[in-house]
Amino acid sequence: MFGFLKRKVREIKAPVDGEVIALERVDDEVFSQKLVGDGVAIKPLSNVFTAPISGKVSKIFSTNHAYSIKSDKDLEVMVHIGLDTVALNGAGFERLVKEGEQVACGDAIIKVDMEALKQAKDTITPVIISDSSDVKQIEKKFKIVKSGDVIMEVK
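Residues numbered from 1 in each chain as written. Predicted model: local features only at pLDDT ≥ 70, side-chain atom pairs only at ≥ 80, totals over all residues. Heavy atoms only, no water.

### A few points about the pairing of strand β2 (residues 18–22)
Right, on to step 1. Counting buried positions along β2 gives four out of five residues, so the element sits mostly inside the fold.
Right, on to step 2. Pairing of β2 with strand β3 (residues 37–44) involves five bridges; the strand directions are antiparallel. Following the sheet pairing, Val20 is matched in β3 by Ile42.
Right, on to step 3. As defined by bridge partners, β2 adjoins strand β13 (residues 144–145) across two bridges and the pair is classed as antiparallel. Its bridge partner lying in β13, Gly18 is registered against Val145. (Buried < 20%, exposed > 50% of the residue type's maximum accessible area, 1.4 Å probe, protein only. Helix = DSSP H or I, 4+ residues; strand = E, 2+ residues; numbered from the N terminus. Pairing = 2+ DSSP bridges.)

### Some thoughts on the pattern of salt bridges
Right, on to step 1. Inspection of the entire model under this criterion finds 11 salt bridges.
Right, on to step 2. Between Glu11 and Lys13 there is a salt bridge, and its shortest N-O distance comes to 3.9 Å.
Right, on to step 3. Judged by relative accessible area, which is 40%, Glu11 ranks as partly exposed.
Right, on to step 4. A salt bridge links Glu24 to Lys34; its shortest N-O distance comes to 2.7 Å. Here Glu24 is found in the loop between β2 and α1 (29–32), whereas its partner Lys34 is found in the loop between α1 and β3, with 10 residues between them in sequence.
Right, on to step 5. Taken together, the shared-partner salt bridges in this structure form one network comprising Glu24, Lys34, Asp38 and Lys140. (Salt bridge = Lys/Arg side-chain N within 4 Å of Asp/Glu carboxyl O.)

### Some points on the nonpolar core
Right, on to step 1. Core analysis: the biggest nonpolar cluster contains 33 residues, and Ile12, Tyr67, Ile81, Ile109, Ile110 and Ile151 have the highest contact counts within it.
Right, on to step 2. Among the secondary structure elements, those contributing two or more residues to this core are β3, β5 (55–60), β6 (66–70), β7 (76–80), β10 (108–112), α2 (114–117), β11 (125–130) and β14 (150–154).
Right, on to step 3. Within the second largest apolar cluster, nine residues are counted, among which are Ile21, Phe31, Leu83 and Ile128. (Core = buried A, V, L, I, M, F, W, Y, C linked by side-chain atoms within 4.5 Å.)

### A word on a nonpolar patch on the surface
Right, on to step 1. Among the surface-exposed residues, Val30, Leu35 and Val36 lie close enough to one another that they form a single nonpolar patch of about 230 Å² accessible area.
Right, on to step 2. With respect to the element layout, Val30 can be found in helix α1. (Patch = residues over 30% accessible without salt bridge, like charges linked within 9 Å, V, L, I, M, F, W, Y side chains within 5 Å. Areas by Shrake-Rupley, 256 points an atom, 1.4 Å probe, with all protein chains shown as cover.)

### A short note on the packing of aromatic side chains
Right, on to step 1. Under the defined criterion, the tally for this structure stands at zero aromatic pairs.
Right, on to step 2. A cation over an aromatic ring shows up here: Lys59 above the ring of Phe61, its NZ or CZ 5.4 Å from the ring centre. (Phe/Tyr/Trp six-rings, centres within 6.5 Å; stacked < 30°, edge-to-face > 60°. Lys NZ or Arg CZ within 6 Å of the ring centre and 35° of its normal.)

### Focus on the sheet that holds β11
Right, on to step 1. In space, the eight strands of this open sheet follow the order β9-β5-β6-β7-β11-β3-β2-β13, with antiparallel pairing throughout. The strands lining the two open edges of the sheet, one partner per strand, are β9 (102–103) and β13.

### Description of unusual backbone geometry
Right, on to step 1. Phi angles above zero are rare outside glycine, and Lys34 is one such case at about 60°.
Right, on to step 2. The phi torsion at Asp84 lies on the positive side, around 55°, for a residue other than glycine.
Right, on to step 3. Within the fold, Asp84 resides in the loop between β7 and β8 (93–95).
Right, on to step 4. Owing to a relative accessible area of 41%, Asp84 belongs among the partly exposed residues under this scheme.

The structure is reproduced here in structure tokens:
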């Protein structure tokens, strides 16, 4: 009867092929202690990173190692490619879209030279739901994924 009060389930999809692991297993306190938000991490197996949701590219860091997509509603998801990759000063990262651009889930955002990425501390890629997002519950899917597979369902 009051179905309109139920929260709609929103899917967050894998931005890259790989293995989804718990964020707590990431060797970086900012991510493992969820200081920037909750989510999962992916051990990437491919070199093109895509939009995990449809929306506007709200931020691409100048070194192209991380980006955020904000939905037209109340969800913002950040993809941080590797750990300590800011130290690479953009080497090995190719930006494929502009900040402020509208993208569909699955659109390519960053292309990476995986050999260059291996120069960083770790290639593990946190996928974070920002603290400012209106999320009450997150169901995480820990498995091997292809880009575009569901990795989290949020309510």
